[in-house]
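Close look at the chain arrangement
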Amino acid sequence: MDISYILNELGEDRENYFNAIAPPIIQTSNFAFDTVDDLRKAFKDEMGGYLYSRGLNPTVEILRLKLAALDGAEDCLVFNNGAAATYAAVVANVKSGDHIVSVEHPYSWTKHLFDQILPRFGITTSYVDGRYIENFERAILPNTTLIYLESPTSWYFELQDLKAVAELARAEGIVTVIDNSYCTPLYQRPIELGIDIAMQTATKYIGGHSDTLGGVLCGSAEMMRKIFLSEYLCIGSGIQPFNAWLLLRGLRTLPARLDRINRSTVKVFAFLKDHPMVEGLIYPFDPSFSQYALARQQMTQAPGLLSFYTTMETAEQIEQFCNNLKAFKMAVSWGGHESLIIPKLSSMPRDLFDPTMKDHRMMRIYVGLEEPEYLINSLEQAFTS
Ligand SMILES: Cc1ncc(COP(=O)(O)O)c(C=O)c1O
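Remember, it's a predicted structure, so these values are computed and weren't measured experimentally.

Another point: the domain arrangement of the protein chain. One can read the domain layout of the protein chain as domain 1 (3-252) and domain 2 (254-384). In this complex, domain 1 contributes 34 residues to the contact, which on the side of domain 2 involves 40 residues. Considering only the surface of domain 1 that becomes buried against domain 2, Trp155, Tyr187 and Tyr205 emerge as the three largest contributors, covering 30% of it. Inspection of the domain 1/domain 2 interface yields zero salt bridges. Our enumeration of links across domain 1 and domain 2 arrives at 19 residue pairs in polar contact (both at pLDDT 80 or more).

Right under this line is the structure:
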């Protein structure tokens, strides 16, 4: 399906709402029925029609159709945020006594789920360096039911060979889930490579304006139905109509924003790569990146995020650099219009800073929609001030 058709037309029955270009926000919790029989039918299959907005809602339906088509998936569920989407995808596919194999640096709250919540129910997780397929082969146990991927991971940018992991998992009857937030389905196609569930935090690129949260799961109709009828309805973390509307608005400009971000990222990368105060960079489309060939093979672009190690040797210097970086806001998250920086040392007590630990001198940058020259000038000023 053509991406322009998906983003501008699919699911939009404009004749039902005065030919308005923007869809309505159906801000209702409830739907009424004319007859008991209609109500009975709705109870029988909550995925078959509108009953109550914790389940289906017409504004959300438009979003579901578009996001499923973007991923090339049969169906999609949209949650209030990415963490809720991950929670539902994982919990729906494990039971007491099961074992999960995960990449070693998943998003922090995903790791919390594996380390703190699931063990309470007798579910264990092994972490592997996902860059090598042999590590998955070795980690699989007779009770492994789920493999969790994030490619690339969002600080170290480790990739997994998605096709190889999907083939291995299918042969063993194991469900695969990937956090595909960095690439989005525009730049990486996990479902087509055989992954069962593609997750995204829509808070990032889909929303794109730092004004809403959202989370996406795409997969087979059977898998989405299974999650909908249990975790989705029970956790009650489905996206709200207004937030769904904001995500629909974000989708309209997704390709244009990502295209701009790609071009700026390459320029910021080139500036940092040669800078004397940068000791090393982690960026999947850097030709000297250790998994460059795989990155080129399974991703069509590497948008926005990159990490680097500075040569600055004191916490004060690094903090001053970040404090002086006027064009980059210091904040978590990414994917919005605004460029961001986050130094690793902000997550530890200052007196533990040790310059011999390379990670302590690490920073992650997100390149937003500003003019790239504006961003580069700001970096240069902060390096020299
Ligand atoms: C890679 C990644 N996955 C998942 C999440 C969680 O998404 P949300 O914040 O929408 O819950 C984040 C949030 O920062 C993230 O960076």
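With that out of the way, let us pick up the nonpolar core. Counting residues in each nonpolar core, the largest one holds 96 residues, and the members touching the most others are Leu272 and Phe321. When residues of this core are sorted by domain, at least three fall in each of domain 1 (3-252) and domain 2 (254-384).

Spatial ordering of the open sheet is given by β8-β9-β12-β11-β10, a layout of five strands whose pairing is mixed. Strands with a single pairing partner mark the edges of an open sheet, and in this sheet they are β8 (278-282) and β10 (329-330). The pairing of strand β11 (residues 340-343) with strand β12 (residues 362-366) spans four bridges and is classified as antiparallel. Paired with proline 343 across the bridge in β12 is methionine 363. Against the sheet, helix α13 (residues 315-324) touches β9 (305-310), β10, β11 and β12, its axis set at about 165° to β11.

Scoring rules and cut-offs
- Residues numbered from 1 in each chain as written.
- Predicted model: local features only at pLDDT ≥ 70, side-chain atom pairs only at ≥ 80, totals over all residues.
- Heavy atoms only, no water.
- Domains from an automatic or database assignment.
- Contact = heavy atoms within 4.5 Å.
- Buried area = accessible area lost by both parts, 1.4 Å probe.
- Salt bridge = Lys/Arg side-chain N within 4 Å of Asp/Glu carboxyl O.
- Polar contact = N/O pair within 3.5 Å; in protein donor to acceptor, adjacent residues only side chain to side chain.
- Core = buried A, V, L, I, M, F, W, Y, C linked by side-chain atoms within 4.5 Å.
- Buried < 20%, exposed > 50% of the residue type's maximum accessible area, 1.4 Å probe, protein only.
- Pairing = 2+ DSSP bridges.
- Helix = DSSP H or I, 4+ residues; strand = E, 2+ residues; numbered from the N terminus.
- Axes fitted to C-alpha atoms, helices over the stretch in contact; angles between N-to-C directions.

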